[in-house]
Amino acid sequence: QVQLVESGGGLVQAGGSLRLSCAASRSIFAFNVMGWYRQAPEKQREVVATITRGGVPTYADSVKGRFTISREFAKNTVYLQMKSLEPEDTAVYYCNAETREKLDVWGQGTLVTVSS
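Keep in mind that what you see is a predicted model, and the values were worked out from it rather than measured.

Enquirer: So what about the state of the cysteines? Which residues, and what values?
Expert: As used here, a disulfide is simply a covalent bond connecting the sulfur atoms of two cysteines. In this structure the tally under the stated criterion is one disulfide. Note that cysteine 22 is cross-linked by a disulfide to cysteine 95, the S-S spacing being 2.0 Å. In this structure the cystine formed by cysteine 22 and cysteine 95 twists about its S-S bond by roughly -80°; its chirality is therefore left-handed. Here cysteine 22, found in strand E3 (residues 18-24), pairs with cysteine 95, found in strand E9 (residues 91-99); they are 73 residues apart in sequence, far enough to count as distant. Residue classification places cysteine 95 among the buried positions, given a relative accessible area of 0%.

Quick look at the structure:
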C-alpha cells in the first residue's frame, strides 16, 4: 500500500512563503503524475499543480507565477514552494499520486492558513 505524507503547512501572513513536502513510501518514479490539490472551507477540492513522470509541470491559473512544484527522487519527495501567499490560498493541501495502474493515492492533507 503506497502512502503519501504531507508536511510543511502552517500559519503565515499574506505575502509570505511556505514550502510543502509530500513524502512517498516508494519511488516517486513509479507514479504517472503527482500533484497538489487544495480544499478551502465549503468549496470543492481543486488542483493546484501537477508534475508528470517526465517532469512536465502544470499550474492552476490562480497560482501561476507564485507556486512551484518540484521533486527530489533521492528522497521520494515532491514539493510545493508557495510565495506571495494570499488569504485566498487558505485551504487544506493534499498530495496526490496516480500509480501506473491509474489508481489515485491521497495524503492526509496539511493545513495552510494565510492571514491578512
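Additional details are given in the paragraphs that follow.
Enquirer: Which residues make up empty space enclosed by the protein, and what are the values?
Expert: Across all of its chains, the model carries one cavity of 30 Å³ or more by this definition. Its volume calculated, the largest cavity comes out at about 40 Å³. Along its surface, the largest cavity is lined by Ile28, Phe31, Asn32, Val33, Met34, Ile51, Thr52, Arg53, Arg71 and Val78. Listed by contribution, the elements that provide at least two residues to the lining of the largest cavity are strand E4 (31-39) and strand E5 (46-52). For the lining of the largest cavity, a count of residues per class yields six nonpolar, two polar and two charged.

Enquirer: Account for the packing of aromatic side chains, with residues named and values stated.
Expert: According to the stated counting rule, one finds three aromatic pairs in the structure shown. Judged by centre distance (6.1 Å) and plane angle (65°), the ring pair of phenylalanine 29 and phenylalanine 73 falls under edge-to-face. Here phenylalanine 29 is found in the loop between E3 and E4, whereas its partner phenylalanine 73 is found in the loop between strand E7 (67-72) and strand E8 (77-82), with 44 residues between them in sequence. What makes phenylalanine 29 partly exposed here is its relative accessible area of 43%. Over the face of the ring belonging to tryptophan 106 we find arginine 45, whose NZ or CZ atom lies 4.6 Å from the ring centre.

Enquirer: Please provide a residue-by-residue account of the pattern of salt bridges, values included.
Expert: Enumeration according to the criterion identifies five salt bridges in this entry. Note that arginine 66 and aspartate 89 form a salt bridge whose closest N and O atoms lie 2.8 Å from each other. With arginine 66 in the loop between strand E6 (57-59) and E7 and aspartate 89 in the loop between E8 and E9, this pair connects stretches of sequence that are 23 residues apart. The same class applies to arginine 66 as to aspartate 89, namely buried.

Conventions we followed
Residues numbered from 1 in each chain as written. Predicted model: local features only at pLDDT ≥ 70, side-chain atom pairs only at ≥ 80, totals over all residues. Heavy atoms only, no water. Disulfide = S-S within 2.5 Å. Helix = DSSP H or I, 4+ residues; strand = E, 2+ residues; numbered from the N terminus. Buried < 20%, exposed > 50% of the residue type's maximum accessible area, 1.4 Å probe, protein only. 1 Å grid on protein atoms, 1.4 Å probe; cavity = no way out; pocket = protein on both sides within 12 Å on 5 of 7 lines; lining within 4 Å. Points joined across faces, edges and corners; volume = space filled by probe spheres on them. Nonpolar A, V, L, I, M, F, W, Y, C, P; charged D, E, K, R; others polar. Phe/Tyr/Trp six-rings, centres within 6.5 Å; stacked < 30°, edge-to-face > 60°. Lys NZ or Arg CZ within 6 Å of the ring centre and 35° of its normal. Salt bridge = Lys/Arg side-chain N within 4 Å of Asp/Glu carboxyl O.

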